[in-house]
Every structure is written in structure tokens, then in C-alpha cells.
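# Fold and geometry: a report
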Amino acid sequence: MLFSAAVLLSLLPLVLSAPSGHLLDKRAPLLHARSGKVIPGQYIVKFKDETSQTVLSAAVGKVKTTHVYKGAFKGFAGSLDSKSLEEVRNLPEVEYVEEDAVVTITDGEVASKTGSSPRAIVTQLNPPWNLARISSHTLGSNVYKYDSTAGLGTCAYVLGTGIQINHPQFAGGAVWGANFVDATTTDGNGHGTAIAGIIRSTIYGVAKQTKLVAVKVLNNSGSGTTSGIIQALNFVQTDWPTRGCANGVVAALTFGGGFSAALNSAATNLVNSGIFVTTGVGSSNSQVGGSPASAPAVCSIGASNSADQVASFNDYGPLLDLYAPGVTILTTWINGGTNTLSGTTLAMAHVAGIGALLLGLPSSLNGATLCDYIKSIATSGVLTGVPPNTNNLLAYNGWDL
Ligand SMILES: *[C@@H]1O[C@H](CO)[C@@H](O)[C@H](O)[C@H]1NC(C)=O
């Protein structure tokens, strides 16, 4: 089954509403979300990075907010009528105001480690094809090889529909983190559990010892808001020190929507703080242009199949970092079951798992630069059907490096 994509329009430029040519307009720009997905009357207000908490708290006290952002992304979200919108845009501390929008499923401080002990390699016999593929440079392998550390001491935050944390395939390695979308603290959809299973599960998982942390940002229909997701990204940054993941942190973003400067900024802040952030490129078969995939710091992944062909639904172009298996992928599903799925987030989940594996090794890899390292060890030139100006790179888990 192919998840229908949030249609990512790549050619729609960011529109600034400053009256044309009037350089004297000192108001903060109003950024328009892609029409049709806009939540009327609801806005994300981004304050300048240097704004103090005191100034932010004072400003927030005057309006009705749905989210207050006190992390690296500073500001708030809330309903603003036209008068309060104008007031907010005239505050000197405000960098920009962006319309809130609907975001959906797309398918389409890292401690430095020292010491070296001999590497022990684990071999899983007859794994799903996709696991075999990421531990071999050539087609036809039927084993999955990985370093025995398997991501131990790392955490993988899955921002999506939640995770069925008591699924037997997680063997106790999944915890509930937070819910920014509704009141049901479970995955009522299945997609989040599917992504989690590729990252870490006994049979289907890439990094079988990472700790999964469920962050629910999409409701049971697979929909959420930009404003809720920004809050979740700030949450990851403050939450991870409490979870025992000193070796490294991965954030798997399982959604996408139209271009959002605010969402890209929040995701980039997370990367700059040392967390490996990855997402699917989106699946509207056009240039990568939606968010968060269009943030250059985010590791954006396309899907390939068991014959090393890239999927026709992938978005493409220079903002696609690399490909990973993402067609006909067997993984965990809600109610303790399994399901077979296709899409760019399924591909992304493999790279999230590889990120956890690499951060779990005794090395000095850092989440902020990990996407470049993963590209440097990827299998190069083996994929067919790669569009122009797009990397011909297939994810590799580095077990023999
Ligand atoms: C999920 O959110 C969307 C968009 O806000 C809404 O239309 C839909 O009814 C919600 N579904 C559930 C199950 O809450």
C-alpha cells in the first residue's frame, strides 16, 4: 500500500506580504502557507533568536496562544484576529509570522566516545530483503549484518502518529514521550508503529538496541499542524537528556507539508544542537520543496525497491540526500501485527536506524554532520531510474567499516 502524499508543491515561492516596493514597511513579514491547507486565523509567530525570555513571556501574556516555544525556536502559535495580527507584526522582536497549516504523513549533545574493542558482527539469517540490502554493496545478499552494539545508548524519537510501545517486536525498548495532537496516548493509525519497527524491532529493525521514543504529532487520521510539530521539535531538544541516550539522538520526522520557513527553522535548530534529523522526501514526483524535506540540514530520503530501481513516486533533486529501501517493506503494525508498506518515510526509517547504529559505535560521529557521513559510506552508482541532479546513493549501514 502506498500512502497518499501530502502534495508538496515545489515551485510555489515563499510570498511575503509586505506591500510591494515599500521599503519603509517595518512590519514583520507575513508568510503564507500553501493555500488549501491553511488553518484560518491561526498563526505561528517567530521571535528573533536573541529575544530574551522576559520579552517573550510579556508578549505571549497579551495574546491567546495554543503553543509557546521557549526552546531554540522562540515564539508562539495561536489564533489572531486581524487587529492582533497587526499588533504582533509591529513588535520589533518579531522576525516573521507564518500561517499555520495542516501537515500529513508523507510517503510517499553527542558524547564523544573513546576506547576501542574488537568489533563483533551479528548476522541475521533470511531477513526481510530491505535489511539485507543495506548491509551489502551488491544485490542478492540474504543476510543482515550489523555491529553488535546495534545502537545501544542512543534514542530514536519518532514524530508521527505515535507508537504501539507494547508491541512484542519492540521487546520493551519503546517508551511514550509526549503527545502534541490529541488525548489518546497510542498509535491509532499504524504508520508510526510501522516506522518504529524498521528503526528498531527484533525481526524488522535496523538498530535493534536503540530506544524508541514516541512523540505523537499526527492524529489517528495522520494529520497534524505545523504549530504542533514545532513544539514537538523543541520538546526533543529538552527531553533527550532524561532518556539515557548519551551516545546520540535521532529524530525521525514522518510527515510533510507545503514549504514552511518556521518548520524548516525549527528542524535546522535541532540538527545544529547535535541531533540527527531525517525525513522522507515526499512523494509527488516533483522537485523536493515541502517541509521539512527542503531544509538542507535535514537528511531527506527517497525510496528504492528490491531491484535497485528508484520509486516513481519520489520527489527528487539536489535536496534529496540519498535513497534507501522503501518499496514493499515488511514491518510492525498496530494490534501487535505486521504490515507491508511503501513510501519515502519507510525509506527514511532505514536511515534513522543507520543513524542510531553509527552513533552507537565507539567513535566521535556527531548528529549534526551525520548525514554527510552516511552519504560518504553509501553504495554509489547502483540505482537505476535516478532523476537528473539527484544523488545516486543507496544507504549502507557500515558494519564492516
Ligand atoms: C485529524 O485532523 C484533521 C485535520 O485537522 C481532521 O480533519 C480530522 O478529523 C482529524 N481526525 C481525527 C481522527 O481526529
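Residues numbered from 1 in each chain as written. Predicted model: local features only at pLDDT ≥ 70, side-chain atom pairs only at ≥ 80, totals over all residues. Heavy atoms only, no water.

## Comments concerning the site of the ligand
Our working rule: Near residues are defined by distance, with any heavy atom within 4 Å of the molecule or strand qualifying the residue. Whenever two N or O atoms come within 3.5 Å, that pair is a polar contact, provided that in protein one can donate a hydrogen and the other can accept it, and provided that, for residues adjacent in sequence, both atoms are side-chain atoms. For accessible areas, the Shrake-Rupley method is used with a probe of radius 1.4 Å. Any residue's cover is judged against the shown protein chains and nothing else.
By nearness alone, every residue bordering the ligand is listed as N219, S221 and S223. One nitrogen or oxygen atom from the side chain of N219 is found 2.3 Å from an oxygen atom belonging to the ligand. For the ligand, a nitrogen atom lies 2.8 Å from a polar atom in the side chain of S221. For the ligand, whose free accessible area comes to 360 Å², the fraction covered by protein is 38%.

## Side note on the side chain of T390
Stated formally: A helix here means a DSSP run of H or I that spans at least four residues, while a strand means a run of E at least two residues long, and both kinds are numbered starting from the N terminus.
Among the structural elements, T390 can be located in the loop between β19 (379-380) and β20 (393-394). Within the local environment of T390, its side chain forms a polar contact with the backbone oxygen of P387, the two atoms lying 3.3 Å apart. In terms of polar contacts, T390 uses its side chain to reach the backbone carbonyl oxygen of P388, at 3.0 Å.

## Notes on the state of the cysteines
To be explicit about the condition: What counts as a disulfide here is a pair of cysteine sulfur atoms lying within 2.5 Å. Residue exposure (1.4 Å probe, protein chains only): buried if accessible area is under 20% of the type maximum, exposed if over 50%, otherwise partly exposed.
Inspection of the entire model under this criterion finds two disulfides. The disulfide bridge from C155 ends at C245, spanning 2.4 Å between sulfur atoms. Its S-S torsion of approximately -90 degrees makes the covalent link between C155 and C245 left-handed. Of this pair, C155 sits in strand β8 (residues 154-160) while C245 sits in the loop between α5 (226-239) and β12 (248-253), and the two are 90 residues apart along the sequence. Neither residue differs from the other here; C155 and C245 are each classed as buried. C299 shares a disulfide with C371; S-S distance 2.1 Å. On the sign convention where negative means left-handed, the S-S torsion of about 70 degrees between C299 and C371 marks this disulfide as right-handed. Of this pair, C299 sits in strand β15 (residues 299-304) while C371 sits in helix α8 (residues 370-377), and the two are 72 residues apart along the sequence. With a relative accessible area of 0%, C299 lands in the buried category. Looking at the protein, its bonded cysteines, counted consecutively from the start of the sequence, adopt the pairing 1-2, 3-4.

## Some remarks on the pairing of strand β9 (residues 174-179)
Selection criterion: Strands qualify as paired when DSSP identifies two bridges or more between them. Think of it like this: strands point away, you trace from the first strand over the helix to the second, and a clockwise trace means the crossover is right-handed.
Here β9 pairs with strand β10 (residues 211-216) via five bridges, running parallel. Bridge pairing in β10 links V175 to V213. Once you follow β9 into helix α4 (residues 191-199) and on to β10, the crossover reads as left-handed.

## Description of the pairing of strand β4 (residues 74-79)
In terms of residue burial, β4 counts as a mostly covered element, since five of its six residues are buried. For strand β2 (residues 38-47) and β4, the ladder comprises five bridges, and the chain directions are antiparallel. Bridging across to β4, Y43 finds its partner in G78. By the bridge criterion, five bridges tie strand β3 (residues 65-70) to β4 in an arrangement that is antiparallel. By the bridge assignment, T65 is partnered in β4 with G78. Joining the antiparallel neighbours β3 and β4 is a turn of three residues.

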